[in-house]
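These are the residues of each chain, in order.
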Amino acid sequence: MIQRIAFAVLFAAAIAVPALAVEPPSAPAYGVRMENVWIPMKDGARLSATLYMPDGAKPNEKFPAILEYHPYRKDDAMAARDYGIFTYFARRGYVCARVDIRGFGNSEGVPTDREYSEQEQADGLQIISWLARQPWSNGNVGMMGISWSGFNSLQMAMLHAPELKAILAADATAELFHDDIHFIDGMAHVDEFELNMDMAPGMTGAPDYTLDEKVLGPRFEAPPWSLLYLKHQRDGPFWRSPVRPLSEITIPCFLIGGLQDGYRDSIPDMLEQTKAPIKAIIGPWNHSFPDNADFGPRIEWRDEAVRWWDYWLKGHDTGVLQDPKLVIYMQHWHPPDPNLEAVPGEWRREEGWPPRDVKPTTVFLQPNHTLADSIAAKDVHQLKYVPSIGVESGFWWGELLTDPRPVDAFSLVYDSAPLQNEVAILGRPHALLRASASEPLADWFARLSDVAPDGTVTQITGAGLNGAQRESISEPRDLEPGKVYPLDIEMHLTSWVFPRGHRIRIAISNALWPMILPTPYPMTTSLELGANDGSRLVLPVVPVHGASPPVFQPPQPSEERSDIQSTGELFPGDWTTTRDEVNHKTTVHWHGKTETTYPWGKETDYENLTYDADDAHPDITAVQGEAKSVFELKGRVLTWRGHLSVTTDQRNFYYKYTRELLKDGQMVKTKTWQETIPRDHQ
């Protein structure tokens, strides 16, 4: 059955190849075998790798290698997911190497001290060289991945490993301070990822989960990364050291992104700054590959990847150089619905960035809270800061949301007149504000929404700006209370078609919690209206319909491991919000759970986070969380737990993290890290 499915995929992919292509993509001509191997590092440590090998090769037949490299435990947590991706490529003549970074899973050594460390990159260069030298190798290596492994694919491309010929990076960025999950838009953020990655270094590898102190000890003692990141609250050498300018990338890059993904802005940046060949697809998705996204339209991407790898790693002309540089999904209006099955819209092609036909269009914020293309009369609008607003506006400038009117109620809101015709935008809107605050620290948030004739509001995009970072994110400076500053809030990449009769809305606030931890001062902020440089919105307007791209194929069935079954999902999990209006306090609680059975036992993962805010005392906030992984193994039950606490007052963050290991319910190891960290313009 698998072979019939694979040949159906081949036939469908061949149809989509441009007419100028001279060779069809590689056929699924091989079986698959898996080999677990050690890759030696120069310092004597060995990294654990699973190779997905083409089976049934001819004598002396050589293959390119495709590497995915990250800490997310290939032998348990990611085993089922990896199988569906890498068997697809192995059947088409690629050796796929899944490698856990040093100190994670079954890879030897002490865990690295941070994400994208110098050690991780040095090991990565050695892995690439090792793959290119193997007897089965044709000497060409590609690197791929989503999220972490997309990030380090970009980073390895910047290091110019001679054997690395091309990459595929999904949902990735090179802006580690501004874009990544720790400081969203340069502002402090705490979420489920911290829980997961603070506990993960303390765990040993499947299926043995050894308690040998030589292995367990250094892992368990490894400091939690969230502590390190909280000590670096501004951009600078710490965040810049793992990356180089995008212009230094010289190898071909296949980029995949989603309009609901927090890292989507990197693709326009690369199209503008990178001279190497680029092929990019941006769909409506959140943080996922396009074939298994939470909502559609879902597409097959692995057939496009084979065409890409065939050209750059095998030397077969599959026509990829004739592909559009960018294929992007133009979203059409839909009501707010977190459970939407598919976003309405259409695909369009662009041959560069910015879009060729884009027309920046300015509308001014008016004294009567409307938007108009005429310059506004002079006025000043004031807003009382309410720290606890923002729950309905989402987790990280992505995801499908509920109606954000509860946030709008505590924001400065400006609506256009009903549109006489459809209006399409494609790009990054700008909120150009003239703003002041009564205190030395304030954040500003701008959100763009579509208001339907019945009042329903669908949030489209937005962004935030730490006022102290108005001139430099590496050298923040206090605001002078009462002084008016020009602020440029560049919203995150979006596409949207506003229907006739709908209104365009911009909403301005000083909080978006719990996405961003609140600034600590009670205050009032002001927007100044009027004149050419008064507060205004600039929209990237494009024709409603663009050039049609090649047709994507629908997702194809993936091969599955019959010995692994999972239920539940840690993220997005479930959220609840409780407001105590009398005492001005709000609590948001999140939790998720998943269960997985393996041949050697059962793993159950739990995570929960509780956020507390006090509108009367914005300096007093708290984030409390716990992660727990329970492994029910033959003859024993092992439980790893992590407890995270981040609380604040006006001057400090108070950090505490405890890592625990229990065997059959009895404590085996525990360690706590506790520090007071001064707030640095956060």
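Calculation notes
- Residues numbered from 1 in each chain as written.
- Predicted model: local features only at pLDDT ≥ 70, side-chain atom pairs only at ≥ 80, totals over all residues.
- Heavy atoms only, no water.
- Helix = DSSP H or I, 4+ residues; strand = E, 2+ residues; numbered from the N terminus.
- Rg over C-alpha atoms; globule rule 2.2 N^0.38 Å.
- Buried < 20%, exposed > 50% of the residue type's maximum accessible area, 1.4 Å probe, protein only.
- Contact = heavy atoms within 4.5 Å.
- Areas by Shrake-Rupley, 256 points an atom, 1.4 Å probe, with all protein chains shown as cover.
- Pairing = 2+ DSSP bridges.
- Right-handed = clockwise from strand over helix to strand, strands pointing away.
- Phe/Tyr/Trp six-rings, centres within 6.5 Å; stacked < 30°, edge-to-face > 60°.
- Lys NZ or Arg CZ within 6 Å of the ring centre and 35° of its normal.
- Axes fitted to C-alpha atoms, helices over the stretch in contact; angles between N-to-C directions.
- 1 Å grid on protein atoms, 1.4 Å probe; cavity = no way out; pocket = protein on both sides within 12 Å on 5 of 7 lines; lining within 4 Å.
- Points joined across faces, edges and corners; volume = space filled by probe spheres on them.
- Nonpolar A, V, L, I, M, F, W, Y, C, P; charged D, E, K, R; others polar.

A.B. asks: What is the right way to read the overall build of the protein from this model?
C.D. replies: Helix and strand counts for the protein come out as eleven helices and 32 strands. A globule of 682 residues ought to have a C-alpha radius of gyration of about 26 Å, and the protein, at 25 Å, matches this closely. Its C-alpha atoms put the protein at 80 × 65 × 40 Å along the principal axes. Scored against the burial criterion, the 682 residues of the protein give a buried share of 62%. Pairs at least 24 residues apart make up 73% of the contacts formed inside the protein by residues separated by at least 6 positions. Carbon and sulfur atoms make up 51% of the accessible area of the protein, which amounts to about 25,500 Å² in all.

A.B. asks: Would you mind showing me how to read the pairing of strand S3 (residues 63-70) here?
C.D. replies: Regular strands show a simple pattern: their side chains alternate between the two faces of the sheet. Burial of S3 is extensive: eight of the eight residues sit out of reach of the surface. For S3 and strand S5 (residues 137-146), the ladder comprises four bridges, and the chain directions are parallel. In the sheet register, Ala65 faces S5, and the bridge partner there is Val141. The sheet contact formed by S3 and strand S4 (residues 95-100) spans six bridges and is parallel. Across the sheet, Ile66 pairs through a bridge with Cys96, a residue of S4. Chirality of the crossover, the property in question, places the unit of S3, helix H2 (residues 79-90) and S4 among those that are right-handed.

A.B. asks: Help me understand the packing of aromatic side chains, please; the structure alone is not making it clear to me.
C.D. replies: Two descriptors summarise a pair of aromatic rings, namely the distance from one centre to the other and the angle between the planes of the rings. Taken as a whole and judged by the stated rule, the model has 32 aromatic pairs. A ring pair is formed by Phe395 and Trp396, whose centres lie 6.4 Å apart and whose planes are at 55 degrees; its orientation type is tilted. Trp396 sits in the buried class, given a relative accessible area of 8%. Taken together, the ring pairs in this structure connect Tyr72, Phe104, Tyr116, Trp148, Phe151, Trp225, Tyr263, Phe395, Trp396, Trp575 and Tyr611 into an aromatic cluster. Between Arg92 and the ring centre of Tyr88, over which it is positioned, the NZ or CZ distance is 3.8 Å.

A.B. asks: Sorry, what's going on with the sheet that holds S5 here?
C.D. replies: Note: strands within a sheet are paired through backbone hydrogen bonds, in either parallel or antiparallel orientation. Sheet architecture is open: ten strands sit in the order S1-S2-S4-S3-S5-S6-S9-S10-S11-S12, paired in mixed fashion. Both edges of this open sheet fall to strand S1 (31-40) and strand S12 (345-350), since each of them pairs with a single strand only. Sheet twist, expressed as the average angle between the axes of neighbouring strands with direction ignored, equals 20 degrees. Sheet topology note: the S1/strand S2 (residues 46-55) ladder contains ten bridges and is antiparallel. Bridged to Arg33 within S2 is Met53. Sheet strands touched by helix H4 (residues 148-158): S3, S5, strand S6 (164-170) and strand S9 (253-258). Its angle to S5, the strand with the most contacts, is close to 135 degrees.

A.B. asks: Looking at this structure, I do not really get the sheet that holds strand S29 (residues 622-633). What am I missing?
C.D. replies: Strand order in the open sheet formed by seven strands is S26-S27-S28-S29-S30-S31-S32, with antiparallel pairing between adjacent strands. In this open sheet, the two edge strands, each paired with only one partner strand, are strand S26 (565-580) and strand S32 (666-678). Recorded for the sheet is a direction-independent mean angle of 10 degrees between the axes of neighbouring strands. One ladder, built from eleven bridges, connects strand S30 (residues 636-648) with strand S31 (residues 652-663); its direction is antiparallel. In the strand pairing of S31, Leu644 is matched with Tyr657. Here helix H6 (residues 213-220) sits on the sheet in contact with S30, S31 and S32, set at roughly 25 degrees to S32.

A.B. asks: I'm lost on the layout of surface pockets in this one. Help?
C.D. replies: If you roll a probe as big as a water molecule over the atoms, it shows you where there is empty space left. Space inside the second largest pocket adds up to approximately 340 Å³. The wall of the second largest pocket is formed by 17 residues, among which His178, Arg428, Ile473, Asp488 and Glu490 lie closest to the centre. Elements with a minimum of two residues in the lining of the second largest pocket: strand S20 (457-466) and strand S21 (485-490). Residues that form the lining of the second largest pocket fall into these classes: four nonpolar, four polar and nine charged.

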